[in-house]
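What follows is the residue order along each chain.
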Amino acid sequence: MKIAIYPGSFDPITCGHLDIIKRSAAIFDKVIIAVLNNSSKHPLFTVEERMELLRRCVKDIPNCEVDSFDGLLMDYAKQKNAAVVIRGLRAVSDFEYEFQMALLNKKLNPEIETMFMITNLNCLYISSSVVKEICRYGGDTEGLIPEEIINDVKYKIEKEC
Ligand code: PNS
């Protein structure tokens with residue numbers, strides 16, 4: 001069984017993430033979406049909330065599982081028996097960070113491959129941060145985040161202000 005891990009902050013999941021998840025699930029036997037439990041960042045949603053939003057968006061993809069992790073991604077991937085880590089690539093600006101991370105991860109565990117998927121053209125400009133900013137100023141987030149979670153993001157941002 002080929003297991004892939006799709007790690008990230010997912011604060012919150014965007015249409016770009018969902019596109020990568022769907023395409024990965026069509027290739028691998030199982031895709032584990034792994035939310036980083038990172039206390040040093042100041043996320044809008046808690047890890048549990050982010051997992052709940054993700055679960056809602058992937059409920060119709062049977063070979064997807066949502067989980068969280070802390071510590072090193074490579075330790076988590078090994079523990080889950082994963083062969084591959086998936087990362088989405090948008091613009092050249094993503095490349096330097098992703099390149100460094102892939103090489104570091106390869107050094108930590110040469111048996112696990114990082115595979116990059118180029119983001120769909122219509123998701124190229126989407127990131128969780130821009131979505132939150134648009135929401136903060138009352139802009140339209142249709143097509144940027146999955147419909148199932150639009151109200152949750154709006155509500156959370158309103159509460160934050
Ligand atoms: O969505 P993000 O914030 O770009 O995801 C980054 C993530 C979670 C993939 C990355 O920060 C990560 O793997 N963190 C775990 C710590 C780790 O393994 N670091 C060493 C490799 S750089």
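In short, a report on the structure. Please read all numbers here as calculations on a predicted model, not as lab measurements.

### Considering the overall build of the chain
If you tally the helices and strands in the chain, you get 6 helices and 5 strands. What you see in the chain, going N to C, is helices and strands ordered as β-α-β-α-β-α-β-α-β-α-α. Computed over its C-alpha atoms, the radius of gyration of the chain comes to 15 Å, within 12% of the 15 Å expected for a compact globule of 161 residues. When the backbone C-alpha atoms are referred to their principal axes, the chain occupies close to 45 × 35 × 30 Å. Per-residue burial for the chain yields a buried fraction of 46% across its 161 residues. Expressed as a percentage of contacts within the chain between residues at least 6 apart in sequence, the contacts between residues at least 24 apart total 76%. Charge separation in the chain, taken as the distance between the mean sites of 20 positive and 24 negative side-chain charges, equals 3 Å.

### Quick notes on a nonpolar patch on the surface
A contiguous nonpolar surface patch, about 430 Å² in accessible area, is contributed by Val92, Phe95, Phe99 and Leu103. For Phe99, the location among the structural elements is in helix 4 (residues 92–108). On the basis of relative accessible area, Phe99 is assigned to the partly exposed category, the value being 44%.

How each quantity is defined
Residues numbered from 1 in each chain as written. Predicted model: local features only at pLDDT ≥ 70, side-chain atom pairs only at ≥ 80, totals over all residues. Heavy atoms only, no water. Helix = DSSP H or I, 4+ residues; strand = E, 2+ residues; numbered from the N terminus. Rg over C-alpha atoms; globule rule 2.2 N^0.38 Å. Buried < 20%, exposed > 50% of the residue type's maximum accessible area, 1.4 Å probe, protein only. Contact = heavy atoms within 4.5 Å. Lys, Arg positive; Asp, Glu negative; His and termini not counted. Charge placed at Lys NZ, Arg CZ, Asp CG, Glu CD. Patch = residues over 30% accessible without salt bridge, like charges linked within 9 Å, V, L, I, M, F, W, Y side chains within 5 Å. Areas by Shrake-Rupley, 256 points an atom, 1.4 Å probe, with all protein chains shown as cover. Salt bridge = Lys/Arg side-chain N within 4 Å of Asp/Glu carboxyl O.

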